[in-house]
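Notes for the structure review
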Amino acid sequence: MSSNNESIGKTLGVVVALCLVCAIFVSFASVQLRPFQDENKAKDIQRNILAAAGFSDVTDVKAVFEKNIEARVVNMKTGEFVDTDPNSFDFEKSKFDAKRSIKLDKETDTAGIQRMTTESPVYFAKNAQGAVESIILPVQGYGLWGVMFGFIALEPDTKTIKSINFYKHFETPGLGGEIQNAKWVSTWEGKQLPVDIVKANAAGNVHKVDGLSGATLTSKGVDNTFKFWTGENGFGPFLAKVRQGALNNG
Ligand SMILES: Cc1cc2nc3c(=O)[nH]c(=O)nc-3n(C[C@H](O)[C@H](O)[C@H](O)COP(=O)(O)O)c2cc1C
């Protein structure tokens, strides 16, 4: 009987010891891998900003980003530059930081995002002569199933759309997921703000883009997202400052 107890005790001891060893191993791996995960996440964001600016199939993302893109931070209310580090933003998490964000009321929150940061990074793609070729803005808005994260690239006139790039979303592949379809994305090029997403027949109208067929709700979400971020409560004040030449193009 007592030898039976001993063997149960030993078995439990081995199980607990094994769990401890595994827990220590997993925690150690998680802590050690964190810097690599953060670096990859930052690189991914840079790749998406570059894609919105028209740099595709980039291999050395960091080098191309540093050479061609200038990141600044703007105060969303005044539209003016501030000295905050652009790399201190997490496009998914920063809006939950009460110290750097506000809650949006129901009437204002047309993009369905609940909160937004009071400052935001903006990106300027510059050519070899240092002239601004596009202004890239981070945007987010609710689609059908969740928040869609993207970048919109505008010409320096702040009105003409160069490209859009929704890099993260929860929409259904083949339906709302077609927001990433290159053919649909290409229909945005050259359109002028303000833009309406319509059911059909947008061709030839610079203020209209055809919605995705079978994905009216996602299309509506993109429409809301665009209107919010290019409007008064989004980057409107910043874009107005750029138009006035008040920010000297970055
Ligand atoms: C499983 C499933 C997934 C769907 N996913 C989406 C989606 O991602 N985006 C969307 O707008 N509609 C989606 N829909 C369709 C919507 O429910 C709705 O029918 C559609 O938005 C209407 O678009 P239409 O007027 O262009 O046909 C989905 C429907 C089903 C059954």
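Residue positions within a chain follow its written sequence, with the count starting from 1. It should be noted that, the model being predicted, local features are given only for residues of pLDDT at least 70 and side-chain atom pairs only at 80 or more, the latter also being counted only at that level, while totals for whole chains, interfaces and linings use all residues. In computing side-chain values, all of the structure's heavy atoms are included and hydrogens and water are not.

1. What to know about the state of the cysteines
To count as a disulfide, a pair of cysteine sulfur atoms needs to be within 2.5 Å. Scanning the model with the defined rule gives zero disulfides in all. Distance from the sulfur of Cys-19, which forms no disulfide, to the nearest cysteine sulfur (Cys-22) is 6.6 Å. Between buried and exposed lies partly exposed: a residue is buried under 20% and exposed over 50% of the maximum accessible area for its type, with that area taken using a 1.4 Å probe on protein chains only. A relative accessible area of 48% means that Cys-19 is categorised as partly exposed. A residue is classified by how much of its surface remains accessible, and Cys-22, at 43% relative accessible area, is partly exposed.

2. Observations regarding helix α2 (residues 61–68)
Secondary structure follows DSSP: runs of H or I at least 4 residues long count as helices, runs of E at least 2 residues long count as strands, and numbering of each begins at the N terminus. Along α2, the residues that are buried comprise Val-61, Phe-65 and Asn-68. All buried residues of α2 fall inside an arc of 90° around its axis, so they share one side. Opposite the buried face of α2, by more than 90 degrees, sit the exposed residues Glu-66 and Lys-67. The reported arc concerns the directions from the helix axis to the C-beta atoms and nothing else.

3. Re a nonpolar patch on the surface
Patches here are clusters of residues that have more than 30% relative accessible area and form no salt bridge, with a 9 Å joining cutoff for like charges and a 5 Å cutoff for nonpolar side chains (Val, Leu, Ile, Met, Phe, Trp, Tyr). Surface exposure here means Shrake-Rupley accessible area, sampled with a 1.4 Å probe, where a residue is shielded only by the protein chains that are shown. Any Lys or Arg side-chain nitrogen found within 4 Å of a carboxyl oxygen on Asp or Glu counts as a salt bridge. Side chains of Leu-144, Trp-145, Phe-170 and Leu-217 sit close together on the surface and give an oily, nonpolar patch of about 430 Å² of accessible area. Within the secondary structure, Leu-144 is located in the loop between β6 (132–142) and β7 (147–154).

4. Digging into the sheet that holds β6
Taken in spatial order, the six strands line up as β2-β1-β5-β6-β7-β8 in an open sheet, and their pairing is antiparallel. The two strands at the open ends of the sheet, each matched to only one other strand, are β2 (81–82) and β8 (161–168). The pairing criterion is simple: DSSP has to find at least two bridges between the two strands. Strand direction decides the pairing type here: strand β1 (residues 69–75) and strand β5 (residues 119–126), joined by seven bridges, are antiparallel. Each bridged residue has a counterpart across the sheet, and for Glu-70 the counterpart in β5 is Phe-124. Against the sheet, α2 makes contact with β1 and β5, and its axis sits at roughly 65° relative to β1, the strand it touches most. Packed onto the sheet, helix α5 (residues 236–244) meets β1, β2, β5, β6 and β7 and runs at close to 170° relative to β6. Between two residues, a contact is recorded if the distance between any of their heavy atoms is within 4.5 Å. The angle between two axes is taken between their N-to-C directions and runs from 0 to 180 degrees, where each axis is a line fitted to C-alpha atoms and a helix contributes only its stretch in contact.

5. A look at the UniProt feature "modified residue: FMN phosphoryl threonine" (unreviewed entry) in the protein chain
Mapped onto this numbering, the UniProt entry gives "modified residue: FMN phosphoryl threonine" (unreviewed entry) at Thr-216. Here Thr-216 is to be found in helix α4 (residues 216–230). Residue Thr-216 is classed as partly exposed on the basis of its relative accessible area of 43%. The definition of a polar contact used here is a pair of N or O atoms within 3.5 Å, where within protein one atom must be able to donate a hydrogen and the other to accept one, and adjacent residues in sequence count solely through side-chain atom pairs. Within polar-contact distance, the side chain of Thr-216 engages the side chain of Lys-199 at 3.4 Å. UniProt positions are given in the numbering used here, feature names are shortened, and annotations may be inferred rather than shown by experiment.

6. Examining the nonpolar core
Nonpolar core, defined: a set of buried Ala, Val, Leu, Ile, Met, Phe, Trp, Tyr and Cys residues in which side-chain atoms within 4.5 Å join the residues together. In terms of nonpolar packing, the biggest core is built from 38 residues, with Leu-137, Ile-164, Trp-188, Val-222, Phe-235 and Phe-238 touching the most fellow members. Contributing elements (two or more residues each) for this core: β5, β6, β7, β8, α3 (182–186), α4 and α5. If near-sequence neighbours (up to four positions away) are discounted, Ile-164 is found in contact with Phe-151, Ile-152, Trp-184, Val-185, Trp-188 and Phe-226. Within the second largest apolar cluster, 18 residues are counted, among which are Ala-53, Val-58, Phe-65 and Val-147.

7. Let's talk about the pairing of β6
With nine of its 11 residues buried, β6 lies for the most part within the structure. Hairpin connection of β5 to β6: five residues between the antiparallel strands, including Gly-130 at a positive phi of 85°. Where β6 lies against β7, eight bridges are found, and the strand directions are antiparallel. Considered in β7, the bridge of Gly-141 is made with Met-148. Hairpin geometry of β6 and β7 is characterised by an intervening segment of four residues between the two adjacent antiparallel strands.

8. Some remarks on the site of the ligand
Around the ligand, the neighbouring residues are Leu-144, Trp-145, Glu-171, Thr-172, Leu-175, Gly-176, Lys-199, Gly-214, Ala-215, Thr-216, Leu-217 and Thr-218. Note that an oxygen atom of the ligand is positioned 3.4 Å from one of the side-chain N or O atoms of Trp-145. With respect to the ligand, the side chain of Lys-199 contributes an N or O atom lying 3.0 Å from an oxygen atom. Considered on its own, the ligand offers 620 Å² of accessible surface; in the complex 54% of this is hidden by protein. We call a residue near a molecule or strand when any one of its heavy atoms sits within 4 Å of it.

9. Points about the packing of aromatic side chains
Pairs were defined over the aromatic rings of Phe, Tyr and Trp, the Trp ring being its six-membered one, requiring ring centres within 6.5 Å. Orientation was assigned from the angle between planes: stacked under 30 degrees, edge-to-face over 60, tilted for the rest. All chains considered together, the criterion is met by 12 aromatic pairs. Look at Trp-184 and Trp-188: their rings are 5.6 Å apart centre to centre, the planes differ by 85°, and that puts the pair in the edge-to-face class. Owing to a relative accessible area of 0%, Trp-188 belongs among the buried residues under this scheme. Positioned above the aromatic ring of Phe-81, the side-chain terminus of Arg-72 is 4.0 Å from the ring centre. We call a charge positioned over a ring when the NZ of a Lys or the CZ of an Arg lies within 6 Å of the ring centre and within 35 degrees of the ring normal. If you follow Arg-100 out to its NZ or CZ, it ends over the ring of Phe-89, 4.3 Å from the centre.

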